[in-house]
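# Report on the structure
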Amino acid sequence: MVKLDPWGSAQIESYERLMREFGILPFSDVLNKVVDPHPYMRRGIIYGHRDFERILDAMKKGKGYAMMTGFMPSGKPHLGHKMVMNQIVWYQKRKAILYVCVADIEAYTVRRIDRNKCVNFGLEYLSYLVASGLELDDNTVIYFQSAKNAGYHAFSKLAARKVTFNELEAIYGTLTPGKIVSALTQVADILLPQLEHGPIPTVVPVGSDQDPHIRLTRDIASRFKAEYRFILPSSTYHKFQTGLDGGKMSSSKPSSYIALNEREEEIRKKIMNAFTGGRVTLEEQKRLGGNPEICTVFELFAYHLEMDDKALEEIYRSCKEGRRLCGPCKKECIEKLVEMLHTLNEKKEEAMERVKEFVVLPDGA
Ligand code: TRP
Ligand code: SF4
């Protein structure tokens, strides 16, 4: 059995198996119905969904729908978070009502991060999100869990009636009070657009590790039928970028990720040391070609640096055919990444000012 633990660190070996066991459907089935799909959709980085047709239908008919997602403020924002930011901005351009939460209750109770750190990391995330192109307009809600209104918190408690302890254990394994509170808080996050706007389709773009929360929310939503008439939330699932060392990308392992405020020297060092699909010798590389499928440098192009499909394919092919060598390829990657992060950071300070004016900060932190 595939065990998904949103608080664990299990790496996902087989996305196909995961989909079969939990009933996540392949995104490729709906791809041709998406108008101007995000590159992540075309590239199979967004690989699965639940009920995404509902969102497509709302988009097509110009009916209201919401996008809701959240960030865990337990470390520095890095490229793994940037890919979620890119998706959020994509939905805003497609007229979604946006809800973005900073999961500071979860970070404090489960990850045991100090309150003031949760707030500071949260503000960092939000300002990078704004620097990535998010408009802070009337259809956009950004919030810290601990600073959201009483109705939201009341709902997260009322939801406790709709699930048994055994069900929670079956979903999450060993429970702690913090995990229970965080799970029910996340249920309130995911249903918040509907608490505030009435029944509307809602899409939640997440990594596979968050699917337990999606399933719990859908179960609870259906059990509230009489009281709220929720529409079951939809979701999409993206693959995680591999850590630069070839393992898991993790905030607790600086060599595995590139922070959004990484210094240029560090970027250079980390990419030069990154795990690639290159051959042992130059001669072999030219003769046999490289292996972009397992290359973390190729992933950087696919996730962040080359949004043109034709150009990405050429990187892939030239690598496979031995026309591309790792040295120059890494250099190209470094140049592009340095430029991208430089542009992002140029906008970030001003973005921070705007975020601070817009968001309600938790008090006492
Ligand atoms: N649990 C998520 C994480 O670990 C953060 C989160 C909180 C979230 N509320 C959410 C994600 C609602 C999606 C939707 O990253
Ligand atoms: Fe990776 Fe580039 Fe080397 Fe190919 S040439 S294996 S894409 S670093």
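The structure reproduced in this document is the subject of the present report. Because the structure is predicted, anything quoted here is derived from the model rather than measured.

### Re the overall build of the protein
From N to C terminus, the protein includes 17 helices and 7 strands. For the protein, whose C-alpha radius of gyration is 21 Å, the value lies close to the compact-globule estimate of 21 Å for 365 residues. Its C-alpha atoms give the protein principal-axis dimensions of roughly 70 × 45 × 45 Å. By the burial criterion, 54% of the 365 residues in the protein qualify as buried. Considering only residue pairs separated by 6 or more positions, the protein has 77% of its internal contacts joining residues 24 or more positions apart. Looking at the protein, you have 52 positive and 48 negative side-chain charges, and the mean spots of the two groups are 3 Å apart.

### A short note on the site of ligand 1
Inspection of the region around ligand 1 gives 14 residues, with Gly 70, Glu 106, Gln 186, Asp 189 and Gln 210 positioned closest. Contact between ligand 1 and Glu 106: a nitrogen atom at 2.8 Å from a side-chain N or O atom of the residue. Within the side chain of Asp 189, an N or O atom sits 2.8 Å from a nitrogen atom of ligand 1. Contributions of two or more residues to the shell around ligand 1 are made by strand 3 (66-71), helix 10 (177-197) and strand 6 (202-207).

### What about helix 10?
Look at helix 10: 30 Å from first C-alpha to last across 21 residues, which is about the 30 Å you get at 1.5 Å a residue. At Leu 191, helix 10 shows its maximal kink, close to 55°; a proline, Pro 193, follows between one and four residues later. Among the 21 residues in helix 10, 15 count as buried, and that is most of the element. Among the residues trailing helix 10, Gly 198 stands out with phi positive, at a value near 80°.

### Looking at the side chain of Ser 250
Position of Ser 250 among the secondary structure elements: in the loop between strand 7 (234-238) and helix 13 (264-272). Among residues more than four places away in sequence, those in contact with Ser 250 are Ser 256 and Tyr 257.

### Thoughts on the pattern of salt bridges
Summed over all chains, the structure comprises 29 salt bridges. For Asp 36, the salt bridge identified is with Arg 94, shortest N-O distance 3.0 Å. Taken as a pair, Asp 36 in the loop between helix 2 (28-31) and helix 3 (39-42) and Arg 94 in the loop between helix 5 (79-93) and strand 4 (97-102) lie far apart in primary sequence, 58 residues in all. One salt bridge in this structure joins Lys 162 and Glu 227, with 3.4 Å as the shortest N-O distance.

### Details of the layout of surface pockets
Here the second largest pocket defines a volume of roughly 410 Å³. Considering the residues around the second largest pocket, the lining is formed by 18 residues, among which Lys 82, Asn 86, Ser 132, His 304 and Met 340 are closest to the centre. Only helix 5 and helix 17 (326-358) provide two or more residues apiece to the lining of the second largest pocket. The residue inventory of the lining of the second largest pocket, partitioned by class, reads 7 nonpolar, 5 polar and 6 charged. Two domains each provide a minimum of three residues to the lining of the second largest pocket, namely domain 1 (15-240) and domain 2 (254-348).

### Structural notes on the site of ligand 2
Neighbouring ligand 2 are the residues Thr 276, Gly 277, Gly 278, Gln 285, Cys 295, Val 297, Phe 298, Cys 319, Arg 324, Leu 325, Cys 326 and Cys 329. Most atoms of ligand 2, that is more than half of them, are within 2 Å of grid points of the largest cavity.

### Remarks on the packing of aromatic side chains
On inspection of all chains with the given rule, the structure shows 13 aromatic pairs. Taking 5.2 Å as the distance between ring centres and 15° as the angle between the ring planes, the aromatic pair formed by Phe 71 and Tyr 125 counts as stacked. In this pair, Phe 71 sits in strand 3 while Tyr 125 sits in helix 7 (residues 115-131), placing the two residues 54 residues apart along the sequence. Residue Phe 71 shares its accessibility class with Tyr 125, and that shared class is buried. An aromatic cluster of three or more residues is present, and its members are Phe 155, Phe 224, Tyr 228 and Phe 230. Stacked on the ring of Tyr 143, the Lys or Arg Lys 148 has its end atom at 5.4 Å from the ring centre. Sitting over the face of the ring of Tyr 257, Lys 270 holds its NZ or CZ atom 5.0 Å from the ring centroid.

### A closer look at empty space enclosed by the protein
As enumerated under the stated definition, the model contains 1 cavity of 30 Å³ or more in all. Reported here for the largest cavity is a volume of approximately 130 Å³. The wall of the largest cavity is formed by 17 residues, among which Cys 295, Cys 319, Arg 324, Cys 326 and Cys 329 lie closest to the centre. Top element by residues in the lining of the largest cavity is helix 17. It accounts for 3 residues. Here the lining of the largest cavity is composed, by residue class, of 9 nonpolar, 6 polar and 2 charged.

### Regarding the pairing of strand 6
Taken across its 6 residues, strand 6 has 6 buried, putting it largely inside the fold. Both faces of strand 6 are covered, namely the face carrying Thr 202, Val 204 and Val 206 and the face carrying Val 203, Pro 205 and Gly 207. Pairing geometry for strand 3 and strand 6, over 2 bridges, is parallel. Each bridged residue has a counterpart across the sheet, and for Ala 66 the counterpart in strand 6 is Thr 202. Relative to strand 7, strand 6 is paired through 5 bridges, and the arrangement is parallel. Opposite Pro 205, over in strand 7, you have Thr 236 as the bridge partner.

Parameters and conventions
- Residues numbered from 1 in each chain as written.
- Chains lettered and ligands numbered in written order.
- Predicted model: local features only at pLDDT ≥ 70, side-chain atom pairs only at ≥ 80, totals over all residues.
- Heavy atoms only, no water.
- Helix = DSSP H or I, 4+ residues; strand = E, 2+ residues; numbered from the N terminus.
- Rg over C-alpha atoms; globule rule 2.2 N^0.38 Å.
- Buried < 20%, exposed > 50% of the residue type's maximum accessible area, 1.4 Å probe, protein only.
- Contact = heavy atoms within 4.5 Å.
- Lys, Arg positive; Asp, Glu negative; His and termini not counted.
- Charge placed at Lys NZ, Arg CZ, Asp CG, Glu CD.
- Near = heavy atom within 4 Å.
- Polar contact = N/O pair within 3.5 Å; in protein donor to acceptor, adjacent residues only side chain to side chain.
- Expected span 1.5 Å × (residues − 1).
- Bend = angle between axes of the 7 residues up to and from the residue.
- Salt bridge = Lys/Arg side-chain N within 4 Å of Asp/Glu carboxyl O.
- 1 Å grid on protein atoms, 1.4 Å probe; cavity = no way out; pocket = protein on both sides within 12 Å on 5 of 7 lines; lining within 4 Å.
- Points joined across faces, edges and corners; volume = space filled by probe spheres on them.
- Nonpolar A, V, L, I, M, F, W, Y, C, P; charged D, E, K, R; others polar.
- Domains from an automatic or database assignment.
- Sits in = over half its atoms within 2 Å of the grid points.
- Phe/Tyr/Trp six-rings, centres within 6.5 Å; stacked < 30°, edge-to-face > 60°.
- Lys NZ or Arg CZ within 6 Å of the ring centre and 35° of its normal.
- Pairing = 2+ DSSP bridges.

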